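# Examination of the molecular architecture
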Amino acid sequence: MTTEIQTTQPTALATGFTPRTLDEWERFGALVANSQFAPAHVKTAGDAVIAMMYGQSLGLAPLASLQQIYVVHGLPSLSARAMQALCMASPECKYWRTVELTNTTATVETHRAGSPEPERVTVTMGEAKKAGWTRNATYEKTPQDMLYARATSRLARRVYADVIGGFYTPGE
């Protein structure tokens, strides 16, 4: 575990080809949906186009959007990894750091410019069990990753809702 403060850097999520017209979006969506590179959750050209357009509204490149935006219960959801990347790339983020990370606890802290104090979020395995999140077998396989993702997404929504567009993470 590192307690070193991570400073913000521009993110690679915001680079790449971006269609400009509806025709380009439709053609690109069809190309992606029919390729072997389309993530499993992208089933149609429409899925691809909508995910890429949602991503564009956040400053994500089209292909990064396909990897990081999911549909859960009919709503777009952003991965915790993408939430953190967008927050850290924002000039509003002074820092983002991991305070504690074990198989039973994840604590993440950030300090937003203009806020007098940093803000922390802790998520525990007890909370995960109580909320029913541990029905997902990944909590058994990689508990640190799952707890960290929950803490990260909660902190991002709490402190940087304007940066992440109010998105939730898959499964929340």
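Read on for an overview of the structure. (Residues numbered from 1 in each chain as written. Predicted model: local features only at pLDDT ≥ 70, side-chain atom pairs only at ≥ 80, totals over all residues. Heavy atoms only, no water.)

### Points about the packing of helix α1 (residues 22-33) against helix α2 (residues 45-58)
Taken N-terminus to C-terminus, the directions of α1 and α2 make an angle of 115°; their axes are 8 Å apart at the nearest point. Note that α1 runs across α2; the crossing there is right-handed. Between α1 and α2, the residues in contact are Trp-25, Glu-26, Phe-28, Gly-29, Ala-30, Val-32 and Ala-33 and Ala-45, Ala-48, Val-49, Met-52, Met-53 and Gln-56, respectively. Its residues placed into classes, the contact of α1 with α2 shows 10 nonpolar, 2 polar and 1 charged. (Axes fitted to C-alpha atoms, helices over the stretch in contact; angles between N-to-C directions. Helix = DSSP H or I, 4+ residues; strand = E, 2+ residues; numbered from the N terminus. Left-handed = near helix turned anticlockwise from the far one by under 90°. Contact = heavy atoms within 4.5 Å. Nonpolar A, V, L, I, M, F, W, Y, C, P; charged D, E, K, R; others polar.)

### Thoughts on the sheet that holds strand β4 (residues 105-112)
Paired through backbone hydrogen bonds, the strands of a sheet run either parallel or antiparallel to each other. Here 3 strands make up an open sheet; going across it, the order is β3-β4-β5 and the pairing antiparallel. Looking at which strands have only one partner, the edges of the open sheet turn out to be β3 (93-101) and β5 (119-124). Neighbour to neighbour, the strand axes of the sheet diverge by 15° on average, direction disregarded. With 6 bridges joining them, β4 and β5 adopt antiparallel strand pairing. In the sheet register, Thr-110 faces β5, and the bridge partner there is Glu-119. (Pairing = 2+ DSSP bridges.)

### Here we look at the pattern of salt bridges
Taken as a whole and assessed by the stated rule, the structure comprises 7 salt bridges. The partner of Glu-109 in a salt bridge is Arg-97, and the shortest N-O contact between them spans 3.0 Å. Placement of Glu-109 in strand β4 and of Arg-97 in strand β3 is noted, with a sequence separation of 12 residues between them. Assessed through its relative accessible area of 14%, Arg-97 is described here as buried. The salt bridge involving Asp-162 is made with Arg-112; its shortest N-O contact spans 2.9 Å. Note that Asp-162 is positioned in helix α8 (residues 161-164) and Arg-112 in strand β4, a separation of 50 residues in sequence. (Salt bridge = Lys/Arg side-chain N within 4 Å of Asp/Glu carboxyl O. Buried < 20%, exposed > 50% of the residue type's maximum accessible area, 1.4 Å probe, protein only.)

### A short note on the packing of helix α4 (residues 80-89) against helix α7 (residues 143-159)
Axis separation between α4 and α7 bottoms out at 9 Å; the angle between their running directions is 45°. By the angle between their directions, the pair α4 and α7 is classed as oblique. Pair α4 / α7 crosses with left-handed handedness. On α7, the residues touching Ala-80, Met-83, Gln-84 and Cys-87 of α4 are Tyr-148, Ala-149, Thr-152, Ser-153, Ala-156 and Arg-157. For the contact of α4 with α7, the class distribution of residues is 6 nonpolar, 3 polar and 1 charged. (Parallel < 35°, antiparallel > 145°, perpendicular 65-115°, else oblique.)

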